[in-house]
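# Summary of the model geometry
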Amino acid sequence: MRVLARLDELYAIGGGHGANRPYGSPEEDAAHTLVADWMREAGLEVEFDAHGNLFGRTSMRDDIWVGSHLDSVPKGGRFDGPLGVVGGLAAVERSGCGSVVAFRGEEVGCIGSRALCAGGAALPAAFLELHIEQGPVLERAGAALGVVTSIVAYARGELVFEGRAGHAGTTPMDGRDDALVAAAAAILRIRETAGRIEGGVATVGQLAVEPGGSNVIPERVRISVDARAPDATQLDELIAAIGFEPSDRTPPAAMAEGPRRILLDELNGRGLPAIELPSGAGHDAGILAAAGVPSAMLFVRSLNGGISHSPDELSADEDVELAVDVLTASVERIANDLEPAK
Ligand SMILES: [Zn+2]
């Protein structure tokens, strides 16, 4: 199947083990160039917007967008992002309607879709995003596909701990002000705090230690904080409990009834279980939904227990095939059912 071969081609851009296409890198550019070529091959009209987002448009209902992103986390998987772009391209090509879009920098805060929505460009009449689930729900339910109800609220920021540098050998233990020890205590506290809030999760994934010598007491430590919760109130509670100032914050985003219903209908029509689930991860669809675009997401079952942001991220070939079929039929139906964008 061509979608799978294309996922392999995009995966190879990072050079082998794991996808390595961070935002703004030559690898992300290379992925956009490659997909633009595939769009031209499919006879689509290709355009990059001012933010570097890539569009491939048909001449029929190009106000219905299908897509996702092409950037990746370091050592990412094969499916996160590219599945929605190459699957979207297949759906647009087969149905002969709609536009496929590849957004920039999703993994670092949905840079491309945010810029687009903030920039006053014409927004679509609907947006569909196909994505790997990145969790274990569908696998546990024995379902190949699922329809997203809403995307959780999340916030990112950092905490800084100041101490006093000193000689590792000559400074007595009782006279120290070690910034990393303070940070370590905070990281443990963050874990407990998130565990007390229903549906809350919080993660420290980055640690910058200064001056960073093995024989120097740490003077300054910066830790990243990523906090998520099902709704805005719970997120506020979590942010206050952790005690950080978010530098970037995304409200929860409900998926739209119309396109969601169509995805569910397509699952029902194929005799598939119509599972609905929230997304714990942020997505471009959440940004478009927040900007008022009727948006929906189709999740494909993650294997390996739902592992993602890892080379072990996996979906079955037949699940991907099914997802592209459902997406294609849904684009056609939305094109027929939905009023054009004003
Ligand atoms: Zn993604």
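Below is a summary of the structure that appears in this document. (Residues numbered from 1 in each chain as written. Predicted model: local features only at pLDDT ≥ 70, side-chain atom pairs only at ≥ 80, totals over all residues. Heavy atoms only, no water.)

## Observations regarding the overall build of the chain
Keep this limit in mind: Only DSSP runs of H or I covering at least 4 residues are called helices, and only runs of E covering at least 2 are called strands; the numbering of each starts at the N terminus. Burial classes: relative accessible area under 20% of the type maximum marks a residue as buried, over 50% as exposed, and values in between as partly exposed (1.4 Å probe, protein chains only). By definition, residues are in contact when any of their heavy atoms lie within 4.5 Å.
Across its full length, the chain carries 10 helices and 14 strands. With respect to the principal axes defined by its C-alpha atoms, the chain has extents near 75 × 40 × 40 Å. Across the 342 residues of the chain, 51% fall into the buried class. A sequence separation of at least 24 residues applies to 77% of the contacts in the chain between residues at least 6 apart.

## Looking at the coordination of the zinc ion
Test applied: Nitrogen, oxygen and sulfur within 2.8 Å of a metal are treated as its donors, or within 3.2 Å for sodium, potassium and calcium (Na, K, Ca); water is not counted, so a site can appear incomplete.
For the zinc ion, the full set of protein donor atoms is H69 (NE2), D80 (OD) and H131 (NE2), and the range of their distances to it is 2.0 to 2.1 Å. Each donor residue of the zinc ion belongs to the same chain, and together they define the spacing H-x10-D-x50-H. Pair noted here: H69 is in strand β3 (residues 64-69) and H131 is in strand β5 (residues 126-132), with a separation of 62 residues, a long-range link.

## Comments concerning unusual backbone geometry
The residue after E210, namely P211, is reached through a cis peptide bond having omega 0 degrees. Relative to the elements of secondary structure, P211 occurs in the loop between β9 (207-210) and β10 (220-229). Even without being a glycine, N304 presents a positive backbone phi close to 55 degrees. Residue position: N304 is located in the loop between β14 (295-300) and α10 (317-337). Take N304: its relative accessible area is 47%, and that puts it in the partly exposed class.

## Some thoughts on the pattern of salt bridges
Going by this rule: Here, a salt bridge means any Lys or Arg side-chain nitrogen found within 4 Å of an Asp or Glu carboxyl oxygen.
Across all of its chains, the model carries 22 salt bridges by this definition. Its salt-bridge partner being E266, residue R333 comes within 3.1 Å of it at the nearest N-O pair. Taken together, the residues span a long stretch of sequence, with R333 in helix α10 and E266 in helix α8 (residues 257-269) at a distance of 67 residues. Take R333: its relative accessible area is 27%, and that puts it in the partly exposed class. What makes E266 buried here is its relative accessible area of 12%. Look at the salt bridges and you will find they share partners, linking D265, E266, R270 and R333 into a network.

## Topic: the side chain of D248
Rules: Here a polar contact is recorded for every N or O atom pair within 3.5 Å, except that within protein the pair must consist of a potential hydrogen donor and a potential acceptor, and residues adjacent in sequence are included only if both atoms are side-chain atoms.
The topology assignment puts D248 in strand β11 (residues 246-250). At a separation of 3.4 Å, a polar atom in the side chain of D248 contacts the side chain of R114. Ignoring any residue separated from it by four or fewer positions in sequence, one finds D248 in contact with G109, R114, Y154, A155 and R156.

## Structural notes on α8
Just so we agree on the cut-off: The span expected for a helix works out to 1.5 Å for each residue beyond the first.
Helix length check: α8, at 13 residues, gives a terminal C-alpha distance of 18 Å against a target of 18 Å (1.5 Å per residue), a fit within 8%. Of the positions making up α8, those classed as buried are P259, R260, I262, L263, L264, E266 and L267. Those residues of α8 hidden inside the fold are in contact with β5, β6 (145-151), β13 (275-279), β14 and α10. Following α8 by one or two positions, G271 has its phi on the positive side, about 70 degrees.

## Describing the pairing of strand β7 (residues 153-162)
Note the following rule: Note on pairing: two strands pair once DSSP finds at least 2 bridges between them.
In terms of strand pairing, β7 meets β10 through 10 bridges, oriented antiparallel. Looking at β10, one finds that R156 is bridged to D226. Where β7 and β11 come together, four bridges link them in antiparallel fashion. By the bridge assignment, Y154 is partnered in β11 with T250.

## A closer look at the nonpolar core
Definition in use: We define the nonpolar core as a collection of buried residues of types Ala, Val, Leu, Ile, Met, Phe, Trp, Tyr and Cys that are connected through side-chain atoms lying within 4.5 Å of one another.
The biggest cluster of nonpolar side chains holds 49 residues, and the ones touching the most others in it are L10, V35, L128, L145 and L298. For this core, the element with the highest residue contribution is α10, accounting for eight residues. Setting aside residues up to four positions removed in sequence, V35 forms contacts with L10, L54, L70 and V85. Listed in part, the 23 residues of the second largest apolar core include L116, L138, I151 and L277.

## Some details on the packing of helix α3 (residues 82-95) against α10
Going by this rule: Comment: axis = line fitted to C-alpha atoms, over the contacting stretch for helices; angle = value between 0 and 180 degrees taken between N-to-C directions. In what follows, roughly perpendicular refers to angles from 65 to 115 degrees, roughly parallel to angles under 35, roughly antiparallel to angles over 145, and oblique to any angle outside these ranges. In a left-handed crossing the near helix is turned counterclockwise from the far helix by less than a right angle, and in a right-handed crossing that turn is clockwise. Put simply, Ala, Val, Leu, Ile, Met, Phe, Trp, Tyr, Cys and Pro go in the nonpolar bin, Asp, Glu, Lys and Arg in the charged bin, and everything else, Gly too, in the polar bin.
The interhelical angle for the contact between α3 and α10, taken along N-to-C directions, is 50 degrees, at an axis separation of 8 Å. Considering the angle they form, α3 stands oblique to α10. In the crossing of α3 with α10, the sense of the turn from one axis to the other is right-handed. Only V320, V324, D325, L327, T328, V331 and E332 of α10 make contact with α3, whose side of the interface consists of L83, G87, G88, A90, A91, R94 and S95. For the contact of α3 with α10, the per-class residue count stands at seven nonpolar, four polar and three charged.

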